[in-house]
Amino acid sequence: MTTRTMSSRFARLNARFPHKRAFITGAGSGLGLEIARALASDGWTLGLFDRNLERLTQVEATLSEAGVQLVAYPGDVTQADELTVAVNSFAASHGGLDVMINNAGVAGAGSMMEVSLEDWRWILDINVMGVVHGSRAAIPHLQRNGTGLLINVASAAAFASAPGMISYNASKAAVLSISETLVNELRPGGTQVSVVMPTFFRSSLLETLRGPDHARQIAQQAMHRSEYEAPRLAQDLLTESADGRTYIVLPKAARKMWRMKRWMPLRFLDQVRRFTQRQ
């Protein structure tokens, strides 16, 4: 996609935030990297945060060569101080922060009795507390000008609750709940909160997956069958958040799942169980 086309798609986001300052966690690969590329093509200044120093260094070099204004911060979202210092540094260096994207996350699979307590703590520390730490770091800056945007990346797992993914489901449901709560907490200060809930899309997420082999195989098959890829997801979530959406379920065809879960929850869960059994 050309820069001209991208600019046309993000015109509303650019109009809302003319200073174009965004901070992204988990920016070294996958969806986080694609969000960074999308914003970079539209002239945004970026703060990129990732715990994989090698990948982050490569991304920094590639984007910097292309003329992107960015600062790379190696760090771990489970460490509140590291993330807070990075966000504060970025905001101080660039006169503020417009958009915070809590994207960093890992994958987990297995039933209640298959997932170890260690893996429960691991996934909740990253997927849930990482969002908590990122939000707490960013909110003072987002609210300063009364026009901020906080985007939390959850998953359709937050409402689908498929069997065999219990720890991942719970972690993403927590992100959904945190986001819904923040909608009302931050609205008086002018900050919009959006929560992104994609179904399976092609990305590097499964590199982090912890769980039994059979669960990994099912997840890999589902991801392989998906025709939805991270670059398209990045563009869609940025466009829809700019439109003011709170709940961003992607791709659009998946929104009927979201509506069915809210209107007919037991029937929906039964269909999810049957679908999982067929896999």
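Everything below is about the structure printed above this text.
The rules behind these values
Residues numbered from 1 in each chain as written. Predicted model: local features only at pLDDT ≥ 70, side-chain atom pairs only at ≥ 80, totals over all residues. Heavy atoms only, no water. Helix = DSSP H or I, 4+ residues; strand = E, 2+ residues; numbered from the N terminus. Contact = heavy atoms within 4.5 Å. Buried < 20%, exposed > 50% of the residue type's maximum accessible area, 1.4 Å probe, protein only. Pairing = 2+ DSSP bridges. Polar contact = N/O pair within 3.5 Å; in protein donor to acceptor, adjacent residues only side chain to side chain. Axes fitted to C-alpha atoms, helices over the stretch in contact; angles between N-to-C directions. Parallel < 35°, antiparallel > 145°, perpendicular 65-115°, else oblique. Left-handed = near helix turned anticlockwise from the far one by under 90°. Nonpolar A, V, L, I, M, F, W, Y, C, P; charged D, E, K, R; others polar. Phe/Tyr/Trp six-rings, centres within 6.5 Å; stacked < 30°, edge-to-face > 60°. Lys NZ or Arg CZ within 6 Å of the ring centre and 35° of its normal.

Focus on the environment of alanine 137
Right, so step 1: Note that alanine 137 resides in helix α7 (residues 129-144).
Right, so step 2: Along the sequence, alanine 137 and alanine 80 sit 57 residues apart, while their C-alpha atoms lie 8.1 Å from each other.
Right, so step 3: Apart from residues no more than four positions distant in its own chain, alanine 137 is found in contact with Leu83, Thr84, Val87 and Asn88.

Quick word on the pairing of strand β5 (residues 149-153)
Right, so step 1: Counting buried positions over the 5 residues of β5 gives 5, a clear majority of the element.
Right, so step 2: Sheet topology places strand β4 (residues 99-102) next to β5; 4 bridges connect them, and they run parallel. Residue pairing across strands places asparagine 102 opposite asparagine 152, the latter belonging to β5.

Focus on the environment of arginine 16
Right, so step 1: Along the chain, the position of arginine 16 falls in helix α2 (residues 11-16).
Right, so step 2: Measuring from C-alpha to C-alpha, the distance between arginine 16 and glycine 148 comes to 9.1 Å, with 132 residues separating the pair along the chain.
Right, so step 3: When residues no more than four places from it in sequence are discounted, the contact partners of arginine 16 are Gly148, Gln192, Ser241, Ala242 and Gly244.
Right, so step 4: One polar contact links the side chain of arginine 16 to the main-chain carbonyl oxygen of serine 241, over a distance of 3.4 Å.

What to know about the packing of helix α5 (residues 80-94) against α7
Right, so step 1: Viewed as axis vectors pointing N to C, α5 and α7 meet at an angle of 30 degrees, and their least axial separation amounts to 9 Å. By the criterion of interaxial angle, the relationship of α5 to α7 is roughly parallel. When you trace α5 past α7, the crossing you get is right-handed. Only Gly130, His133, Gly134, Ala137, Ala138 and His141 of α7 make contact with α5, whose side of the interface consists of Ala80, Leu83, Thr84, Val87, Asn88 and Ala91.
Right, so step 2: Residue composition of the contact of α5 with α7, grouped by class: 6 nonpolar, 6 polar and no charged.

Looking at the packing of aromatic side chains
Right, so step 1: Applying the stated criterion to the full structure yields 7 aromatic pairs.
Right, so step 2: The interplanar angle of 70 degrees and the centroid separation of 6.0 Å between the aromatic rings of phenylalanine 23 and phenylalanine 90 together place this pair among those described as edge-to-face. With phenylalanine 23 in strand β1 (residues 21-25) and phenylalanine 90 in helix α5, this pair connects stretches of sequence that are 67 residues apart.
Right, so step 3: For phenylalanine 23, a relative accessible area of 0% translates into the label buried.
Right, so step 4: Ring geometry for tyrosine 247 versus tryptophan 258: centroids 5.1 Å apart, planes at 40 degrees, classification tilted. A residue pair is termed long-range when its members are at least 10 positions apart, and tyrosine 247 in strand β7 (residues 247-250) and tryptophan 258 in helix α12 (residues 255-263) qualify at 11 residues.
Right, so step 5: For tryptophan 258, a relative accessible area of 11% gives the class buried.
Right, so step 6: Three or more aromatic residues joined by ring pairs form one cluster here, namely Phe23, Phe49, Tyr73 and Phe90.
Right, so step 7: One Lys or Arg, arginine 210, reaches over the ring of tryptophan 122 and ends 4.0 Å from the middle of that ring.

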